[in-house]
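Single-letter residue listing:
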Amino acid sequence: MSKVLSLSKNEDFKTVLGGKKILNKFVTIYYKKLSINDKNKFIYSIIAKKKLGNAVFRNKIKRRLRSIALEAYKKININLKYSYIFIAKKNVFDGEFKLIKEQIIRDVDKIK
């Protein structure tokens, strides 16, 4: 199994945010090929903006999305050539976990 890493540099975030995106009810997924990305590393980051709520609320959203991203990585064949950014929407907290997971896995599976 390959490594799971997080984007850390501001320039990497800006590059990925300039790439393609997929919108759904729960998250916006940005993805783009980065030169730093090896073929055996899953690189992603999760963003929960401050307007979503207080720190407890945002951390719960990030825990949910992190769990879904790692499960999607194990369950389906995610394209490791890309780096991903998941930007949470307000519905992630209110939505049922199973529905959110199905929608995100379906969207990530489209990326080839």
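Everything that follows concerns the structure shown earlier in this document.
Here we take up the overall build of the chain. For the chain, the helix and strand inventory stands at 4 helices and 5 strands. Shown N-terminal to C-terminal, the secondary structure of the chain runs as helices and strands in the order β-α-β-β-β-α-β-α-α. Its C-alpha atoms give the chain a radius of gyration of 13 Å, near enough to 13 Å, the size a compact globule of 112 residues would have. Seen along its three principal axes, the alpha-carbon backbone of the chain occupies a region of about 35 × 30 × 25 Å. Scored against the burial criterion, the 112 residues of the chain give a buried share of 46%.

With that out of the way, let us pick up the pattern of salt bridges. This model, assessed by the stated rule, comprises 2 salt bridges. Between K110 and D107 there is a salt bridge, and its shortest N-O distance comes to 3.6 Å. Of this pair, K110 and D107 both sit in helix α4 (residues 97-110), 3 residues apart, which is roughly one turn of that helix.

Now for the environment of K98. When you line up the elements, K98 lands in helix α4. Linking K98 and I68, residues 30 residues apart in sequence, is a C-alpha distance of 9.5 Å.

Conventions and cut-offs
Residues numbered from 1 in each chain as written. Predicted model: local features only at pLDDT ≥ 70, side-chain atom pairs only at ≥ 80, totals over all residues. Heavy atoms only, no water. Helix = DSSP H or I, 4+ residues; strand = E, 2+ residues; numbered from the N terminus. Rg over C-alpha atoms; globule rule 2.2 N^0.38 Å. Buried < 20%, exposed > 50% of the residue type's maximum accessible area, 1.4 Å probe, protein only. Salt bridge = Lys/Arg side-chain N within 4 Å of Asp/Glu carboxyl O.

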